[in-house]
Amino acid sequence: MEYVSTRGGAGTVGFEGALFSGYAPDGGLFMPSAVPRLEAHVLRSWSSFSYPRLVKELCALFVDTELIPRSVLEDLIDRAFSRFRHKDVVHLTRLKDGLNVLELWHGATYAFKDLSLSCTGQFLQYFLEKKQKHVTILVGTSGDTGSSAIESVRGQKNMDIFVLLPHGLCTQTQELQMTTVIEENVHVFDAHGNSDEIDEPIKELFADTDFARKHNLMSLNSVNWSRIMVQIAHHFYAYFQCAPSLDTFPLPVVEIVVPTGGGGNVTAGCIAQKMGLPIRLVAVVNSNDIIHRAVQHGDFSLSGSVKATLASAMDIQEPYNMERILWLLSDGNSSLIKTLMDQFSVSKSLKLPEDLHRKLAQTLDSCVASDEDIVRAMRRCWEENRYLLCPHSAVAAHYHYAQLGCGSRSTTRCCLAPASAAKFQDALLRAGLVPDVPPEISALTTLETRSTPLKRGEDWAKVLREHIEELAQQR
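On a predicted model such as this, the values are computed, not experimentally measured, just so you know.

Parameters at a glance
- Residues numbered from 1 in each chain as written.
- Predicted model: local features only at pLDDT ≥ 70, side-chain atom pairs only at ≥ 80, totals over all residues.
- Heavy atoms only, no water.
- Helix = DSSP H or I, 4+ residues; strand = E, 2+ residues; numbered from the N terminus.
- Expected span 1.5 Å × (residues − 1).
- Buried < 20%, exposed > 50% of the residue type's maximum accessible area, 1.4 Å probe, protein only.
- Pairing = 2+ DSSP bridges.
- Axes fitted to C-alpha atoms, helices over the stretch in contact; angles between N-to-C directions.
- Domains from an automatic or database assignment.
- Contact = heavy atoms within 4.5 Å.
- Buried area = accessible area lost by both parts, 1.4 Å probe.
- Salt bridge = Lys/Arg side-chain N within 4 Å of Asp/Glu carboxyl O.
- Nonpolar A, V, L, I, M, F, W, Y, C, P; charged D, E, K, R; others polar.
- UniProt positions renumbered as here; feature names shortened; annotations may be inferred.
- Core = buried A, V, L, I, M, F, W, Y, C linked by side-chain atoms within 4.5 Å.

Undergrad: I keep staring at helix 17 (residues 391–405) and nothing clicks. Help me out?
TA: Residue pairs three or four apart in sequence face the same way in an α-helix, which turns once every 3.6 residues. Helix length check: helix 17, at 15 residues, gives a terminal C-alpha distance of 20 Å against a target of 21 Å (1.5 Å per residue), a fit within 8%. The element helix 17 is largely enclosed, with a buried count of twelve among its 15 residues. Three or more residues of helix 17 are buried, namely Pro-391, His-392, Ser-393, Ala-394, Val-395, Ala-396, Ala-397, His-398, Tyr-399, His-400, Tyr-401 and Leu-404. Phi turns positive one or two residues past the end of helix 17, at Gly-407, with a value near 85°.

Undergrad: Explain the sheet that holds strand 7 (residues 159–166) to me, please; I cannot follow it from the model alone.
TA: Backbone-to-backbone hydrogen bonds pair the strands of a sheet. The strands run either parallel or antiparallel. Spatially, 9-6-7-8-14 is the arrangement adopted by the five strands of the open sheet, whose pairing is parallel. At either end of the open sheet lies a strand with only one pairing partner, and these are strand 9 (217–219) and strand 14 (452–454). Adjacent strand axes in the sheet meet at a mean angle of 25° when their direction is disregarded. Across three bridges, strand 8 (residues 186–191) lies against strand 14 in parallel orientation. By the bridge assignment, Asp-190 is partnered in strand 14 with Pro-453.

Undergrad: Looking at this structure, how should I read the domain arrangement of the protein chain?
TA: When the parts of a complex come together, some accessible area is lost, and that lost area is often used as the size of the interface. Here the protein chain is partitioned into domain 1 (91–109 + 226–431) and domain 2 (134–215 + 438–474). Here the C-alpha centre of domain 2 lies 27 Å away from the C-alpha centre of domain 1. Contact residues are listed per partner, giving 16 residues for domain 1 and 18 residues for domain 2. Both faces combined, the contact of domain 1 with domain 2 buries some 1400 Å², and carbon together with sulfur accounts for 47% of it. Looking at the side of domain 1 facing domain 2, the largest losses of area belong to Thr-109, Ser-312 and Lys-423, adding up to 37% of the total buried there. In this structure, the connection of domain 1 to domain 2 is made through one salt bridge. The partner of Asp-144 in a salt bridge is Lys-423, with the nearest N and O atoms 2.7 Å apart. For the side of domain 1 that touches domain 2, the per-class residue count stands at eight nonpolar, four polar and four charged.

Undergrad: What am I meant to see in the UniProt feature "modified residue: N6-(pyridoxal phosphate)lysine" (unreviewed entry) in the protein chain here?
TA: In this numbering, the UniProt entry assigns the feature "modified residue: N6-(pyridoxal phosphate)lysine" (unreviewed entry) to Lys-113. Within the fold, Lys-113 resides in helix 5 (residues 113–131). Overall, the relative accessible area of 10% leaves Lys-113 in the buried class. Leave out the neighbours within four places in its chain, and Lys-113 touches Asp-144, Thr-145, Ser-148 and Arg-227.

Undergrad: When you look at unusual backbone geometry in this model, what are you seeing that I'm missing?
TA: Only a minority of non-glycine residues have a phi that is not negative, and only a minority of peptide bonds are not trans. Going from Phe-249 to Pro-250, the amide bond is cis rather than trans, its omega being -5°. Checked against the element boundaries, Pro-250 lands in the loop between helix 10 (225–242) and strand 10 (254–259). Phi angles above zero are rare outside glycine, and Gln-132 is one such case at about 50°. Note on placement: Gln-132 falls in the loop between helix 5 and strand 6 (135–140). Looking at Gln-132, the relative accessible area reads 71%, which means it is exposed. Positive phi, close to 55°, is recorded for Lys-348, a residue that is not glycine. Mapped onto the elements of the fold, Lys-348 is located in the loop between helix 14 (334–347) and helix 15 (354–363).

Undergrad: Explanation requested: the nonpolar core in the structure shown.
TA: Side chains of a nonpolar character, in soluble globular proteins, are inclined to be buried together. Ranked by size, the top nonpolar core spans 109 residues in total, and within it Phe-123, Trp-225 and Phe-236 carry the most contacts. Ignoring sequence-local partners within four residues, the contact set of Phe-236 consists of Leu-38, Leu-43, Trp-46, Leu-54, Leu-58, Ala-272, Met-275 and Leu-277. Core analysis: the second largest hydrophobic core is formed by 37 residues, Val-257, Val-395, Ala-417 and Ala-421 among them.

Undergrad: Sorry, what's going on with the pattern of salt bridges here?
TA: As a working rule, side chains carrying opposite charge can pair if their charged atoms are close by. A complete count under the given rule lists 29 salt bridges for this structure. Here Asp-78 and Lys-56 are joined by a salt bridge, their closest N and O atoms 2.8 Å apart. Taken as a pair, Asp-78 in helix 4 (residues 70–80) and Lys-56 in helix 3 (residues 51–62) lie far apart in primary sequence, 22 residues in all. Among the ionic pairs, Glu-318 bridges to Lys-348, the shortest N-O distance being 3.3 Å. Of this pair, Glu-318 sits in the loop between helix 12 (290–297) and helix 13 (322–329) while Lys-348 sits in the loop between helix 14 and helix 15; the two residues are 30 residues apart in sequence, bridging distant segments of the chain. In this structure Glu-318 comes out as buried when scored by relative accessible area, which is 14%. Under the relative-accessibility criterion, Lys-348 is labelled partly exposed at 26%. Residues joined in a network through salt bridges with shared partners are Arg-53, Glu-57, Arg-70 and Glu-74.

Have a look at this one:
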C-alpha cells in the first residue's frame, strides 16, 4: 500500500512515511493510492466482529506486513484499547423512536479521538523504538484533540508534543485535561485566538521544510492519515450493529449521522463507502456551516469569523479534510485539487466545479444545528430516555428528530456520539439538565496546571520555533 498527496507533488510514501508526516511537502494530505474494495461475502463474514477486531482487519489492509507484522499490529491495537472503560471499547445504545447512539467516548479523555490517537501513539512508538528516533508533534485543538493526543504520548522519552488551545473557547474540563498533564514531554500553549487561527503557526512551521526535517515535525491532528484509517472502523461497526439483516441482496443501507467540524470522521465514512460499505452519510454541523454549504450549494467559502457554539469542538471554519473528500470524488485528480486548494488558500472562497459538486451531493447529505436545536435535542433525549447527550452528539440527534418530524421512520439510522456529556457541564445546565460527572473529571479542578500564554500580536510561529530549538539543545 502506497500513499500519495492529494495535490500530486510529493511522490509516494509507505504507511510509515504517512504516519510521520503532517501535511505532505506540497501542502496536500496523504491518501492511499488505491482504496481496497470489499465484496458482500467479506462484509457478511465481518458482521459479527468486535470493534477491536474490525480495527485490526481494516488497519491490516492499509499497513504492509513488511512494516508491521500482523501479530505485532494486533498487539499494538490491543495495547491501545487496554485503558478503555467499556469492555466493548465502543458501545451502541438503542433509544426511543429508532435513535441509535454509537458511544465513541469510553477512552481516557471521554472523547472519540481517544480511539484513533491511542492506536496512532502505539504505531509511532513502535517505529521510534526500532529506529531510535525522536519526533516533535504539533497539535492545534478546538477542544478534544489536544487532550487525546497528550494522553497517547505522555511520558514518552522519544516524543515531545506541543499543543495549542484556543483561550477561553474550550470547556473547563477540556482545558484542564491538557493543562494538568505535568510531563517533561508535554508543552501546552494557551493561544488568544480561535481554532483556525492556531492552525496558522503550525502550517508555517511545517512549510519550513529545513526546520521540519531537522526536528522531525509531525502532526496528530486529523491531517494524519493514521487517525482517518482507524476511524473507518466507526462506520463498519455502526453498520453491523444497526443493519437489520445481512441475508438480503443487495445488502441493506444504514444511514450514519456524523457530527463534524474538521471533516475527519466524514472522510473516514466516504472511504468506508468506497470500500463497499452500504451506508448513506449525513454530515451535521453547527453554525460554522461551510461543509453544509459545500454539499448543498457547492459553496466552499468562509463566512465571516468562527462562531462560538455549544458544540465547541466543531467550531471550525476551514475543514481541511474536505480536501481528501474532494480528491476521492474526483478519482484522485490531484491537478484539479491543487488548483482548487491554491485558489481557496488565496481567496478563502471557492465555487466547486459542477461535476464535483454533483458527486459530493450524491455522497453526502448535510444539516445545520443551531445552539437552540442542540438544547432542544438534549432535553428531548433526556425526557424520553433519561439519557444525557453531549452537545456534539445532540447535533446528530437533532437531525434524527427532524427526520421523525418529516415522517421518516423507516430509515435505519445510527448517530455517532463523539464525546461524553460529562465534559460539557455548562451546556447541560443551559439545557436545564443535571450533569453526571465522573470522579476523575471532578478531580481535575484540584490539580496543578501548566501552560504558556500566546498573546495576540505575538509571532506565534517564532515562539514555538524558539521553544522547539531550546528543547533540542537540551537533549
